[in-house]
Amino acid sequence: MNFIQTRGCDKNTPLSVTFSQAILSPIASFGGLYVPENLPDLGREFLNKHVNSSYKDLAFDLLNRFEIDIDSYVIKEALDLYDKFDNSENPVPVVKVKENLYISELYHGPTRAFKDMALQPFGVVLSSIAQKKGEHYLILAATSGDTGPAALETFKNRSNVQVACLYPDGGTSDVQRLQMVTEDAKNLKVIGINGVFDDAQNALKRLLASEEFKKALKEKNILLSAANSVNFGRIIFQIIYHIHSYLELVRQKAITMGEKVYLNVPSGNFGNALGAYYAWKMGLPVEKIIISSNENNVLTKLIKTGKYDLRDLHVVSTTSPAMDILKSSNIERVLYDMFGYKRTRELMQNLEEKNFYELTSDELAQLQESFDADFCTGDEGKVYIKKTFQKNGYLMDPHTATCMKSYETCSDPKIKTIAYSTAEWTKFSPVIANALTGEVDAQDIKALASISNEAKLEIPSMIKELFSKEIVQKTVIEKEDIEKEILKFL
Ligand SMILES: *Cc1c(COP(=O)(O)O)cnc(C)c1O
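Residues numbered from 1 in each chain as written. Predicted model: local features only at pLDDT ≥ 70, side-chain atom pairs only at ≥ 80, totals over all residues. Heavy atoms only, no water.

Participant: I'd like to hear about the overall build of the protein chain, residue by residue, with values.
Facilitator: Helices and strands together make up the secondary structure of the protein chain, namely 21 helices and 15 strands. The globule rule puts the C-alpha radius of gyration for 490 residues at 23 Å, and the 21 Å found for the protein chain is close to it. Judged by the C-alpha coordinates and their principal axes, the protein chain covers about 60 × 50 × 50 Å. Within the protein chain, the proportion of its 490 residues that are buried is 60%. In the protein chain, once contacts between residues fewer than 6 apart in sequence are set aside, the share between residues at least 24 apart is 74%. As displayed, the protein chain has an accessible area near 19,800 Å², and 46% of this comes from carbon and sulfur atoms. Positive and negative side-chain charges of the protein chain, numbering 57 and 65 respectively, have mean locations separated by a distance of 1 Å. (Helix = DSSP H or I, 4+ residues; strand = E, 2+ residues; numbered from the N terminus. Rg over C-alpha atoms; globule rule 2.2 N^0.38 Å. Buried < 20%, exposed > 50% of the residue type's maximum accessible area, 1.4 Å probe, protein only. Contact = heavy atoms within 4.5 Å. Areas by Shrake-Rupley, 256 points an atom, 1.4 Å probe, with all protein chains shown as cover. Lys, Arg positive; Asp, Glu negative; His and termini not counted. Charge placed at Lys NZ, Arg CZ, Asp CG, Glu CD.)

Following this line, the structure appears as structure tokens:
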């Protein structure tokens, strides 16, 4: 299958490209994104056939339906990385929290957040394409805390790729920082910046667009790429677990095959939710997709009013930092799917030029047929964390907690909900410790201990070990020096 462009084709790029091309150069004409020409129709047979499949068998068959230009043995090798998850038989457990509410846990991978779901297999795929083409890539990543560790973990010691990962020094949790600065491999460089996440992100965007930087890389025989969440190579792996979670409910006899469910997704850049939308379009029985946000609630407003309005808006720091995003990039793929490339180009141009766009009432009605949304503040989230733990014995992180509010305000309680948990409690422990015990400003190490004690949960070994590991990545620099530092590393 080939991939086409959300804003149409400017004739400088081919009308359609292969999967490999779409993932190596993810930015399409007019600043758009690549989307599959059409989504495979799975039909009920596919679901019936896979009721008792393992995660990997389901994933393999699903990826086959996309007919991508990746050899089967590479896909198998990529999917084998799910064996490293807590339970290799079932990398994504789905747990009943209360009547009609189930949580699909996407955080059982090596870095304890949902980014592993896609980045783990993506690392194998990207490295294999680079090897096959005999090319060497520099992967740039900017992180507020979850993408960085997951990207380093997946590309560590892989052939033909090097990674430079930028993070705001002091802007991540201790666990997130340690996950990065203790990574010891020749092909990885971790760079702390004196600044905030936006500084890291802007530096990344500047370098990706800089002809001068690309020329300097070319002299070293290196090409530039990014592993950000608009890359279709990540999205494709984020369709699988929605289907798996549905089949889990069938296996648990919580639903019968064909019964519709809500999918409730804590959202930032909309990659997870887009995977849900594609799964639905491919034949998964879904009632509606519910988009949960924190105080950065542009998506709630878009889905409620049809207006995407960034005028006078600034990102606010919340207790769910991985969702502190205002330009939610993957929503563009939904616009394209619903309204076509001309309208998508027009809307996205408005957003870029005027920081604003507005859907027509017909368009809004169409959007609302698929999506509903609400947002949850940090304080509300903490109440949900405490209440759900006390009443239902289930401990969730602040990102997952945003789903609890929209579960109450957006769904019909007679219909079952699959909500997605995107991080383990170990990754955002100070907020959770505060919610459970009231203690304030605890360092991660202390917060982990008090949660472990309060909730009788073991701290997983890969988190415990972080605190005694040697710090090997010691670079912390001013943002002006990033380019020089990366070239020195190469
Ligand atoms: C990345 C992330 C999200 C947001 O996912 P999107 O696909 O960007 O919407 C939510 N929670 C956690 C913990 C994350 O790391």
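Participant: Before we move on, could you go through the packing of aromatic side chains and cite the residues and values that matter?
Facilitator: Here a ring pair, both rings aromatic, is described through the centre-centre distance and the interplanar angle of the planes. Per the stated rule, a full pass over the model turns up 11 aromatic pairs. On the numbers, 6.2 Å between centres and 40° between planes, the contact of Phe-232 with Tyr-278 is tilted. Taken together, the positions of Phe-232 in helix H10 (residues 232–235) and Tyr-278 in helix H12 (residues 271–281) put the pair 46 residues apart, joining distant regions of the chain. The buried category is assigned to Phe-232, whose relative accessible area is 1%. Among the aromatic residues, ring-to-ring pairing joins Phe-3, Phe-19, Phe-232, Phe-270, Tyr-277, Tyr-278 and Phe-371 into one connected group. The cationic tip of Lys-76 hangs over the ring face of Phe-60; the distance from NZ or CZ to the ring centre is 4.3 Å. Its end group placed over the ring of Phe-356, Arg-311 keeps NZ or CZ at 3.9 Å from the ring centre. (Phe/Tyr/Trp six-rings, centres within 6.5 Å; stacked < 30°, edge-to-face > 60°. Lys NZ or Arg CZ within 6 Å of the ring centre and 35° of its normal.)

Participant: So, the sheet that holds strand E5 (residues 137–142): which residues are in play, and what are the values?
Facilitator: Taken together, the 5 strands give an open sheet; going across it, the order is E8-E5-E6-E7-E15, and neighbouring strands pair in parallel fashion. Bordering the open sheet on either side are strand E8 (223–226) and strand E15 (476–477), each of which pairs with just one other strand. The pairing of strand E7 (residues 188–193) with E15 spans 2 bridges and is parallel. If you follow Gly-192 over to E15, its bridge partner there is Val-476. (Pairing = 2+ DSSP bridges.)

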